[in-house]
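Understanding the architecture of this molecule
This is what each chain is made of:
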Amino acid sequence: MKWTKFYLPDAYSPTMEQLVYFHDHTMSIITSITILICILLNSLLWNKLIDLNMNEHQMIETWWTILPTIVLFLIAIPSLKILYSMEELINPTISIKSMGHQWYWSYEYSDKFCKELESYMKYNKKNDFRLLEVDNKMKAPFLTQIRMIFSSKDVLHSWTIPCLGIKMDAVPGRINQSSLMIKKPGIFMGQCSEICGTNHSFMPIMLESIKLNKFIKWIS
């Protein structure tokens, strides 16, 4: 993802793929409506024909009430499908707890082996990504159903990785959860998306996706 790119980031999870498809579907409908309205406005501006008898037309009024309703259904039904699928947890293999702090993240793996780590932003070096590099990356296996659990120790935070299609608030005194499945190995980055204080921009998220057997070796 570069600053010159105007499109969505590449999708590396099924959820993000569905969000990209929904974005394209909605934009095609909006573009079609915009072109139609421009054509009608152009026709009204340059058309000099006048029909004094056409003061009202019940059939036209009926159709311009029905057609927007159909368009709204075409947008709402896929949107609701994606919304419910994002909330669905299907037999997660691993649970990872992410805690927000002022201003860093901590991760806890407590299914079979208890492992905790704290993830702080690293100072800039020559080959590091500015404001995105951390000292301890969160590790997770790809092609594995993961349950992410979010909470906070102090104020509101938001754990976000755009290319994985996940964004969940970390609320003090409350536990939120979300499902995650990564399709490919790699390193994925994000940042806290909630204005949580003066160092809000200095608590990045870096997730490393690895093979399941390497993950088991690492956690044990």
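First, a word on scope: everything that follows refers to the structure included in this document.

What counts and how
- Residues numbered from 1 in each chain as written.
- Predicted model: local features only at pLDDT ≥ 70, side-chain atom pairs only at ≥ 80, totals over all residues.
- Heavy atoms only, no water.
- Axes fitted to C-alpha atoms, helices over the stretch in contact; angles between N-to-C directions.
- Helix = DSSP H or I, 4+ residues; strand = E, 2+ residues; numbered from the N terminus.
- Parallel < 35°, antiparallel > 145°, perpendicular 65-115°, else oblique.
- Contact = heavy atoms within 4.5 Å.
- Nonpolar A, V, L, I, M, F, W, Y, C, P; charged D, E, K, R; others polar.
- 1 Å grid on protein atoms, 1.4 Å probe; cavity = no way out; pocket = protein on both sides within 12 Å on 5 of 7 lines; lining within 4 Å.
- Points joined across faces, edges and corners; volume = space filled by probe spheres on them.
- Domains from an automatic or database assignment.

Observations regarding the packing of helix H1 (residues 14–46) against helix H2 (residues 58–87)
Look at H1 against H2: their axes get within 11 Å of each other, and the N-to-C directions meet at 170°. It follows from the interaxial angle that H1 and H2 lie roughly antiparallel. Residue-level inspection shows Thr15, Gln18, Leu19, Phe22, His25, Thr26, Ile29 and Ile33 of H1 in contact with H2, the latter providing Val71, Leu74, Ile75, Pro78, Ser79, Ile82 and Met86. Its residues assigned to classes, the contact of H1 with H2 shows ten nonpolar, five polar and no charged.

Re the layout of surface pockets
Its volume calculated, the second largest pocket comes out at about 370 Å³. Residue lining of the second largest pocket: 22 residues in total, with Thr15, Ser85, Met86, Glu87 and Ser179 positioned closest to the centre. Looking at the lining of the second largest pocket, the elements with two or more residues in it are H1, H2, strand E7 (166–170) and strand E8 (176–180). With five residues, the top contributor of residues to the lining of the second largest pocket is H2. Formed jointly, the lining of the second largest pocket draws a minimum of three residues from each of two domains, domain 1 (14–48 + 57–87) and domain 2 (94–219).

By themselves, these are just geometric observations and shouldn't be taken as functional.
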